[in-house]
Amino acid sequence: MKFGVSTFLTDQGIAPAALGRAVEERALDSLLVAEHTHIPVHRRTPYPGGGDLPEVYYRTLDPFVALAAAAAVTERILLGTGIALVAQRDPLITAKEVASLDLVSGGRAVFGVGVGWNREEMENHGTDPRTRGRLVDERLRAIRELWTTEQAEFHGEFVDFDPVHSWPKPVQRPHPPIYVGGGEGAFARVAALGDAWPANSVPPEDLGPQIDRMRTIAGRDVPVTVYAVSPDPESVERYTRLDVERLLFSLPTRPEAETLSYLDRLAAVADRFR
């Protein structure tokens, strides 16, 4: 079992470089960070977690700028998005950002993706929430073409470009792993476009059957990472009984001293199960 960290990086918490260094020093294997470009002041869309939307959602740093800062001071840990909101992202720019992160990190980028939940946020990007699933599928396919083809082109319902040069290409071959997030409704997308499934806070008692259904749809043993896990040892122990590659501990967004102390706690829990 591998152990990493998932978090929101903001202007009020620990800096990306300091966090990346601290994660690596504690022998954790990965750092995945959330993305929101903005949060509309007036929303009809309820927060999936219930109650008021936490402030970290509208203070997130750009994930690729933050991860590049972490890459500059680390050598080993995986650095990824958890998750990038592809329904709100231009595929040409996104392909370059991920490939650039993979290059500057020496092949350590992870592209965690999802369709998103905040309809007003999507609409501000010109995205129709009703078609966001098809849009994400096309953009992911276009991004893969840009990564893997010298003269890439794509012609679809939402994405359309004639042959282009797009560099750098990723260091990883054929490309950085795509972690396709979402619940059971995303399993077809995992099957078609995913290299792994990040299960978002699914309790261990529910996760086993979901993994079985996901892999049945995919027709292969897709690796599973569990996102935003509590460091409760009993819960971690139950995850270790499942066929899961990695647990990402949920790291609260706090100033540096508090974050380092909490990371010590997470590392101690991870050490019990390695």
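Residues numbered from 1 in each chain as written. Predicted model: local features only at pLDDT ≥ 70, side-chain atom pairs only at ≥ 80, totals over all residues. Heavy atoms only, no water.

### Overview of a negative patch on the surface
No. 1: On the surface, a cluster of negative charge is contributed by E145, E153, D160 and D162.
No. 2: Relative to the assigned elements, D162 resides in strand 7 (residues 160-164).
No. 3: Under the relative-accessibility criterion, D162 is labelled exposed at 52%. (Patch = residues over 30% accessible without salt bridge, like charges linked within 9 Å, V, L, I, M, F, W, Y side chains within 5 Å. Areas by Shrake-Rupley, 256 points an atom, 1.4 Å probe, with all protein chains shown as cover. Salt bridge = Lys/Arg side-chain N within 4 Å of Asp/Glu carboxyl O. Lys, Arg positive; Asp, Glu negative; His and termini not counted. Charge placed at Lys NZ, Arg CZ, Asp CG, Glu CD. Helix = DSSP H or I, 4+ residues; strand = E, 2+ residues; numbered from the N terminus. Buried < 20%, exposed > 50% of the residue type's maximum accessible area, 1.4 Å probe, protein only.)

### Remarks on empty space enclosed by the protein
No. 1: Enumeration according to the criterion identifies one cavity of 30 Å³ or more in this entry.
No. 2: Its boundaries defined by the atoms lining it, the largest cavity holds a volume of some 40 Å³.
No. 3: The wall of the largest cavity is formed by T7, F8, L9, G13, I14, L19, L251, P252, T253, R254 and T259.
No. 4: Of the residues contributing to the lining of the largest cavity, the split by class is six nonpolar, four polar and one charged. (1 Å grid on protein atoms, 1.4 Å probe; cavity = no way out; pocket = protein on both sides within 12 Å on 5 of 7 lines; lining within 4 Å. Points joined across faces, edges and corners; volume = space filled by probe spheres on them. Nonpolar A, V, L, I, M, F, W, Y, C, P; charged D, E, K, R; others polar.)

### Focus: helix 8 (residues 233-240)
No. 1: Taken as a whole, helix 8 has its buried residues at S235, V236 and Y239. For helix 8, the arc enclosing every buried residue in end-on projection is 100°, short of the 170-degree limit, so these residues lie on one face.
No. 2: Those residues of helix 8 hidden inside the fold are in contact with strand 1 (2-7), helix 7 (204-218), strand 10 (224-229), strand 11 (246-251) and helix 9 (256-272). (Arc of directions from axis to C-beta. Contact = heavy atoms within 4.5 Å.)

### Re the pairing of strand 7
No. 1: Sheet topology note: the strand 6 (residues 152-155)/strand 7 ladder contains three bridges and is antiparallel. Bridge pairing links A152 to V164 in strand 7.
No. 2: In this structure, the hairpin formed by strand 6 and strand 7 is closed by a connection of four residues. (Pairing = 2+ DSSP bridges.)

### Remarks on the pairing of strand 10
The side chains of a regular strand alternate, first on one face of the sheet and then on the other.
No. 1: Counting buried positions along strand 10 gives five out of six residues, so the element sits mostly inside the fold.
No. 2: By the bridge criterion, four bridges tie strand 9 (residues 197-200) to strand 10 in an arrangement that is parallel. Considered in strand 10, the bridge of A199 is made with V226.
No. 3: Each parallel crossover has a hand, and for strand 9 linked through helix 7 to strand 10 it is right-handed.
No. 4: Here three bridges tie strand 10 to strand 11, and the two strands are oriented parallel to one another. Note that in strand 11 the partner of V229 across the bridge is F249.
No. 5: Chirality of the crossover, the property in question, places the unit of strand 10, helix 8 and strand 11 among those that are right-handed. (Right-handed = clockwise from strand over helix to strand, strands pointing away.)

### With respect to the packing of aromatic side chains
No. 1: This structure, assessed with the given rule, holds seven aromatic pairs.
No. 2: Their ring planes at 10° and their centres at 5.6 Å tell us that F3 and F249 sit as a pair that is stacked. With F3 in strand 1 and F249 in strand 11, this pair connects stretches of sequence that are 246 residues apart.
No. 3: Given a relative accessible area of 1%, F3 falls into the buried group. (Phe/Tyr/Trp six-rings, centres within 6.5 Å; stacked < 30°, edge-to-face > 60°.)

### Description of the nonpolar core
No. 1: If you look at the biggest cluster of nonpolar residues, it comprises 65 residues, and the most contacted ones within it are F111, W197, L207 and L263.
No. 2: With sequence-adjacent residues up to four places away left out, F111 is seen in contact with F64, T81, A84, V86, T94, V98, L140, I143, W147, P177, I178 and Y179.
No. 3: L32, A34, L53 and L248 belong to the second-largest nonpolar core, a separate cluster that totals nine residues. (Core = buried A, V, L, I, M, F, W, Y, C linked by side-chain atoms within 4.5 Å.)

### Topic: the layout of surface pockets
No. 1: The volume enclosed by the largest pocket comes to roughly 970 Å³.
No. 2: Around the largest pocket sit 43 residues that line it, and F8, Y57, G82, N200 and Y227 are the ones nearest its centre.
No. 3: Of all the secondary structure elements, the ones that give two or more residues to the lining of the largest pocket are strand 1, strand 9, strand 10 and strand 11.
No. 4: When residues of the lining of the largest pocket are assigned to their parent elements, the largest contribution, four residues, is made by strand 9.
No. 5: Split into classes, the residues belonging to the lining of the largest pocket amount to 21 nonpolar, 19 polar and three charged.

### Regarding unusual backbone geometry
No. 1: With omega at 10°, the peptide bond leading from G82 into I83 counts as cis.
No. 2: Checked against the element boundaries, I83 lands in the loop between strand 3 (78-81) and strand 4 (84-85).
No. 3: The amide bond that connects W167 to the next residue, P168, takes the cis arrangement and shows omega of 5°.
No. 4: Positionally, P168 belongs in the loop between strand 7 and strand 8 (178-180).
No. 5: For S201, which is not a glycine, the phi torsion comes out positive at approximately 60°.
No. 6: In this structure, S201 sits in the loop between strand 9 and helix 7.

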